[in-house]
Amino acid sequence: MKGFHIIPLLILVSFSHGLSAQANVQELGNLPTTVSETSGLLFHNGRLITHNDSGNTPQLFEIDTLTLEITRTITLTNAENVDWEDLAQDNEAIYVGDFGNNVGTRENLVIYRITKEMYEATNTVQAERINFRYPDQVDFSNTGNSDWDAEAFIVLDDRLVVFTKQWVSNGTVAYSIPKTPGVHIAERLAEFDSNGLVTGATYNPISDVLFLIGYSSILGPFTLRVDAPNIGSIFGTAPTKIPFGGGLAQIEGITYVDVDTYFVSSEFFTNASPAITLDSKLFSFTTTDTPNGNEEEEEEEEEEEILNPEPQENSLVLYRPLDSDFLEYELITDRALYGRGLFDSGGKRLQYIRAAEIENNRIDIASLSSSVYYLAFYLDNGVLVKAFAK
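Source: prediction; values computed, not measured.

Thresholds, definitions, all that
Residues numbered from 1 in each chain as written. Predicted model: local features only at pLDDT ≥ 70, side-chain atom pairs only at ≥ 80, totals over all residues. Heavy atoms only, no water. Helix = DSSP H or I, 4+ residues; strand = E, 2+ residues; numbered from the N terminus. Buried < 20%, exposed > 50% of the residue type's maximum accessible area, 1.4 Å probe, protein only. Contact = heavy atoms within 4.5 Å. Areas by Shrake-Rupley, 256 points an atom, 1.4 Å probe, with all protein chains shown as cover. Phe/Tyr/Trp six-rings, centres within 6.5 Å; stacked < 30°, edge-to-face > 60°. Pairing = 2+ DSSP bridges. Axes fitted to C-alpha atoms, helices over the stretch in contact; angles between N-to-C directions. Polar contact = N/O pair within 3.5 Å; in protein donor to acceptor, adjacent residues only side chain to side chain.

Engineer: I'm lost on the overall build of the chain in this one. Help?
Structural biologist: Counting its regular elements, the chain contains three helices and 32 strands. Here the chain, with 390 residues, has 54% of them falling under the buried criterion. In the chain, 55% of the contacts between residues at least 6 apart in sequence involve partners at least 24 apart. When the accessible surface of the chain is split by element, carbon and sulfur atoms take 47% of a total near 17100 Å².

This is the structure in structure tokens:
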């Protein structure tokens with residue numbers, strides 16, 4: 001999104017001092033200039049994925065969550081970045097939302113679908129097209145900022161759900177679309193008076209929680225939380241609006257990491273009058289949610305909280321026994337191990353132990369404050385890293 005204007009500096013500063021911060025938001029650092037116009041965000045296979053918005057290359061960028069450096073670039077060879085705005089995923093595919101529509105003139109809204117098998121196999125992929133239009137938009141003339149812009153969507157069950165960014169009404173409308181390639185007329189689900197511009201969304205299937213993010217007319221970022229959303233009641237009984245405690249930021253992307261950990265990205269912002277420049281940044285925040293599941297699964301999780309289930313070859317699994325000051329892990333690899341490191345959310349190394357000095361698979365975290373941390377193992381072919389919350 002480009003061309004955003006804010007009100008005079010005096011009011012802006014007054015607002016920033018009065019913002020009630022979300023206490024567990026952590027600023028992780030500046031994003032590379034290559035992705036300074038980050039818009040969508042996704043966490044897949046231990047990697048953070050993002051892209052730039054309108055007029056940029058049709059590329060996805062993988063970012064190391066510790067160094068915040070770009071480690072891989074994936075090009076969609078049969079796509080154009082008209083105005084890419086968000087990312088979503090299910091078990092089989094990654095979806096790229098090209099539905100940015102500031103002035104409401106677009107009649108070529110599309111969501112690109114990339115199979116995860118292809119995504120993992122090559123850095124040049126071909127995507128399938130899910131074309132759609134809104135059933136209630138009849139005027140496509142340029143009247144300035146419109147209510148037909150959109151920057152957020154999720155996968156919910158067998159549907160894609162797009163949330164509009166209403167420049168005029170200052171709210172959002174949810175529309176559902178089939179996940180299948182083709183040409184579709186979206187189904188209007190519901191509207192919500194967000195009193196702010198919605199710019200990103202993520203649905204966490206582990207905790208059954210939907211988070212929307214956005215910012216106000218004076219660049220005050222916020223989150224909207226919806227518990228147990230469904231297609232028939234996408235906004236639940238009443239979304240909870242929470243100020244985002246990261247200071248002033250044009251937040252654009254959000255993704256869940258595990259049951260209670262989230263990443264949020266902000267776009268580079270500059271304004272001439274008043275003179276303001278905000279770097280593109282990565283943030284994280286945590287919740288106190290527990291896994292959603294049946295009674296048998298919940299009983300097992302009462303005994304032990306599993307942070308990273310389903311161990312795979314050359315993988316790292318973290319366990320947090322309830323009410324314990326110890327983090328336990330299982331390292332599954334056939335590679336040579338050189339050492340183990342512990343990092344804070346800003347990438348500062350708090351601990352390093354050589355492989356020969358590692359006595360067991362338990363780490364005392366009693367002295368750590370409440371935040372997101374990273375456990376890293378140095379192997380002969382790279383570094384294996386997992387995030388955990390304290």
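Don't stop here, the text continues.
Engineer: Looking at this model, I keep getting lost on the packing of aromatic side chains. Mind explaining?
Structural biologist: To describe a pair of aromatic rings, one takes the distance between the centres and the angle between the planes. As enumerated under the stated definition, the model contains 17 aromatic pairs in all. On the numbers, 5.7 Å between centres and 85° between planes, the contact of F132 with Y134 is edge-to-face. Pair check on accessibility: F132 and Y134 agree, each one buried. Here F244 and F285 contribute two aromatic rings whose centre-to-centre distance is 6.4 Å and whose plane-to-plane angle is 85°, an arrangement assigned as edge-to-face. Residue F244 is located in the loop between β19 (240–243) and β20 (250–256), and its partner F285 is located in strand β24 (residues 281–286); the two are separated by 41 residues in the primary sequence. Residue F244 is classed as buried on the basis of its relative accessible area, which comes to 0%. Residue classification places F285 among the buried residues on the basis of a relative accessible area of 1%.

Engineer: What exactly am I supposed to notice about the sheet that holds strand β31 (residues 372–379) here?
Structural biologist: Pairing between the strands of a sheet is mediated by backbone hydrogen bonds and can be parallel or antiparallel. Strand order in the open sheet formed by four strands is β29-β28-β31-β32, with antiparallel pairing between adjacent strands. This sheet does not close on itself; its edge strands, each paired only once, are β29 (349–354) and β32 (382–389). Pairwise comparison of adjacent strand axes, ignoring direction, gives a mean angle of 15° for this sheet.

Engineer: Even after reading the chapter, I still don't get the sheet that holds strand β9 (residues 124–125), so can you show me in this structure?
Structural biologist: With mixed pairing, the five strands of this open sheet are ordered in space as β2-β3-β4-β5-β9. Two strands bound the open sheet, and with one partner strand each, they are β2 (38–44) and β9. Bridge count between strand β4 (residues 59–63) and strand β5 (residues 70–76): five bridges; the pairing is antiparallel. Among the inter-strand pairings, F61 is bridged to a residue of β5, identified as T73.

Engineer: Looking at this structure, how should I read unusual backbone geometry?
Structural biologist: Excluding glycine, a negative phi dihedral is what most residues carry, and trans is how most peptide bonds are arranged. If you check the backbone angles, N45 has positive phi at about 55° while not being a glycine. Unusually for a residue other than glycine, D208 sits at a positive phi of about 60°. As for its position among the elements, D208 is in the loop between β16 (197–204) and β17 (209–215). Judged by its relative accessible area of 18%, D208 falls in the buried class.

Engineer: Help me understand the environment of N91, please; the structure alone is not making it clear to me.
Structural biologist: Among the secondary structure elements, N91 is positioned in the loop between β6 (86–89) and β7 (93–98). Overall, the relative accessible area of 69% leaves N91 in the exposed class. When the C-alpha positions of N91 and T115 are compared, they lie 9.3 Å apart, and in sequence the two are 24 residues distant.

Engineer: Help me out: how do you make sense of the side chain of H51 in this one?
Structural biologist: Note that H51 resides in strand β3 (residues 47–52). Its relative accessible area of 0% is what places H51 among the buried residues. Within polar-contact distance, the side chain of H51 engages the backbone nitrogen of G40 at 3.3 Å. Excluding residues that lie within four positions of it along the chain, H51 makes contacts with E37, T38, S39, G40, Q59, L60, F61, W84, E85, D86 and L87.

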